[in-house]
Amino acid sequence: MQKKKILIVNEFSQLATGFATYMRYLLPILHKTDKYILAEHASYINEYHPLIDSVPWKVYPNEPDPNDPKQIELYKQDRSNQFGKWKLEQVLIDFRPHVVVSIRDPFFDDFIFHSPLRKYFKYIHMTTCDGQPQKQEWIDMFKGADRLLTYSLWAKNLLDQESGGQLRVHGVTSPCPDLEIFKPRSKKEAKIEYGLEEDCIIFGTVMRNQPRKLFPDLMKSFVRYLELCKETGKEELAKKSYLYFHTSVNDVGWAMNEELRRYKLSHKVLFTYMCDHCKSVYPSFNQGDGVGCRRCGRFTARTPNTDGGVSREILAKIFQCFDLYIQY
């Protein structure tokens, strides 16, 4: 019997992003079944990316050849090209998938719904429904999916309600961490091992420095928390409390230096630092990027980004230090 071909349209599974992480876990499971022929239409990498050969399935890099000015010019003509729009039909014709899967926001993937080759493949779309009301244009678009999935039961119920029952959400497929790696441990031990004071209070978040990730609002809320501590006679609690940002200081979003100065929190917000030379990872107040490493002294320490993040094992250790997690 012919194996079904499944094309994943997503950020490359080996990058350090949320969407990539989802597929980092899902694709090996699908591959292990030996029931499918898999391929990735992979955003944010070009054909020279060093990790393409690290996966046992076909990868179609979405970014243009950096040595081809015409490709670069074409790529820049449409914002949706970064998500795969400009190469989708080319990939579909070459790979000829039975099924196409995407797990991103509707404004990322609308070009898949509207592809002129849409009738030739089944489409499974998991939408990032995280607010209400949903745009009517999105609800109308979702009707074109052969299988519609959501991250949460709340999202499923919302789509059922706002579509008047016209959308049949097939199921809830929440992301799952590797429970052999991401598991609880003594916070005291975790903090000491990571170089933090054992009795400090850590309010942590792990998210990319993008405009839609509301880092300034989180800082503002933390300032109010510190004020409330002092107003209620809990100054020692305020003294021991810190924000922890596992993110890039310099990225496509907020100017962290300016925001920290605005809220006077430079001494209260910790960042993950990693050294490209000696590979050490440690917490530190903001120093920018390309700074002296605490261990080896070379100016090769930086905050993590989508091209180079920490391992899953180290990320788990960082999570284990958090007393409260906040996703703003």
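Further up the page is the structure itself.
All values derive from a computational prediction rather than experimental measurement.

*Asks:* Quick rundown of the pairing of strand E2 (residues 36-43)? Include the residues and the values.
*Replies:* Of all eight residues in E2, six are buried; the element is thus mostly enclosed. The sheet contact formed by strand E1 (residues 4-11) and E2 spans eight bridges and is parallel. Note that in E2 the partner of Val9 across the bridge is His41. At this point the chain moves from E1, through helix H1 (residues 18-33), to the parallel E2, and the crossover so formed is right-handed. Sheet topology places E2 next to strand E3 (residues 58-61); four bridges connect them, and they run parallel. Residue pairing in the sheet places Ala42 in a bridge with Pro61 of E3.

*Asks:* Talk me through the packing of aromatic side chains; I want residue IDs and the actual numbers.
*Replies:* Within the structure shown, the criterion is met by 21 aromatic pairs. A centroid spacing of 4.9 Å and a plane angle of 70° characterise the contact between Phe215 and Phe245, whose relative ring orientation is edge-to-face. Taken together, the residues span a long stretch of sequence, with Phe215 in helix H8 (residues 215-231) and Phe245 in strand E9 (residues 241-246) at a distance of 30 residues. Under the relative-accessibility criterion, Phe215 is labelled buried at 0%. What makes Phe245 buried here is its relative accessible area of 0%. Among the aromatic residues, ring-to-ring pairing joins Phe182, Tyr194, Tyr244, Phe319, Phe322 and Tyr325 into one connected group.

*Asks:* With reference to specific residues and values, describe the side chain of Asn10.
*Replies:* For Asn10, the location among the structural elements is in strand E1. Looking at Asn10, the relative accessible area reads 1%, which means it is buried. From its side chain, Asn10 meets the backbone oxygen of Phe19 in a polar contact 3.0 Å long.

*Asks:* Would you mind going over the pairing of strand E8 (residues 201-206) in detail, with residue names and values included?
*Replies:* Pairing between E8 and E9: six bridges, direction parallel. Along E9, the bridge assignment pairs Phe203 with Leu243. The pairing of E8 with strand E13 (residues 324-325) spans two bridges and is classified as parallel. The partner of Gly204 across the bridge, within E13, is Tyr325.

*Asks:* Explain helix H4 (residues 106-113) to me, and be specific about the residues and the numbers.
*Replies:* The buried count for H4 comes to six of eight residues, which makes it a mostly enclosed element. Listing the buried residues of H4 in full gives Pro106, Phe108, Asp109, Phe111, Ile112 and Phe113. In this structure, the buried residues of H4 make contact with E1, H1, helix H3 (88-95), strand E4 (99-102), strand E5 (122-127) and helix H5 (136-142).

*Asks:* Tell me about the sheet that holds E2, and please be specific about residues and values.
*Replies:* On the basis of which strands lie adjacent, the open sheet formed by seven strands has the order E3-E2-E1-E4-E5-E6-E7 and parallel pairing. Only two strands of the sheet have a single neighbouring strand rather than two, namely E3 and strand E7 (169-172). Mean inter-strand twist for the sheet, computed between neighbouring axes without regard to direction, equals 20°. The pairing of E1 with E4 spans three bridges and is parallel. In the strand pairing of E4, Ile6 is matched with Val99.

*Asks:* I'd like a description of the state of the cysteines, backed by residues and values.
*Replies:* Under the counting rule described, the total for this entry stands at zero disulfides. There is no disulfide at Cys293, and the cysteine sulfur nearest it, in Cys278, is 3.6 Å away. According to the relative accessible area criterion, Cys293 is buried, its value standing at 6%. Cys321 forms no disulfide, and the closest cysteine sulfur to it belongs to Cys200, at a distance of 7.6 Å.

*Asks:* I'd like to hear about the environment of Trp254, residue by residue, with values.
*Replies:* Along the chain, Trp254 turns up in the loop between E9 and helix H10 (256-262). When the C-alpha atoms of Trp254 and Phe215 are compared, they prove to be 7.6 Å apart, with 39 residues separating the residues in sequence. Excluding anything up to four places from it in sequence, Trp254 contacts Asn209, Gln210, Pro211, Lys213, Phe215, Pro216, Val249 and Glu259. Looking at Trp254, its side chain comes within polar contact range of the main-chain oxygen of Gln210, at 3.3 Å. Polar contacts involving the side chain of Trp254 include one to the main-chain carbonyl oxygen of Lys213, which spans 2.8 Å.

Rules used throughout
Sequence order as written defines residue numbering, which begins from 1 separately in each chain. Predicted model: local features are reported for residues with pLDDT of at least 70 only, side-chain atom pairs are reported and counted for 80 or more only, and whole-chain, interface and lining totals are derived from all residues. As a rule here, side-chain values come from all non-hydrogen atoms in the structure, and water together with hydrogens is ignored. Summary of the burial criterion: residues with accessible area below 20% of their type's maximum are buried, those above 50% are exposed, and those between are partly exposed, where the area comes from a 1.4 Å probe applied to protein chains only. Only DSSP runs of H or I with at least four residues qualify as helices, and only runs of E with at least two residues qualify as strands; both kinds are numbered from the N terminus onward. Strands are labelled as partners when DSSP assigns at least two bridges between them. By the criterion used throughout, a crossover qualifies as right-handed when its path from the first strand across the helix to the second strand runs clockwise, the strands pointing away from the viewer. Only Phe, Tyr and Trp rings take part, Trp by its six-membered ring, and two of them pair if their centres are within 6.5 Å. Stacked means planes under 30 degrees apart, edge-to-face means over 60, and tilted covers everything else. What qualifies as a polar contact is a pair of N or O atoms within 3.5 Å, subject to a donor-acceptor requirement within protein and to the restriction that residues adjacent in sequence count only when both atoms come from side chains. Residue contacts are counted whenever heavy atoms from the two residues lie within 4.5 Å of one another. Axis geometry follows a simple rule: fit a line to the C-alpha atoms, using only the stretch in contact for helices, then measure angles between N-to-C directions, giving values from 0 to 180 degrees. For this text, the term disulfide refers to a pair of cysteine sulfurs within 2.5 Å.

Bear in mind that shape data such as this cannot, by itself, settle questions of function.
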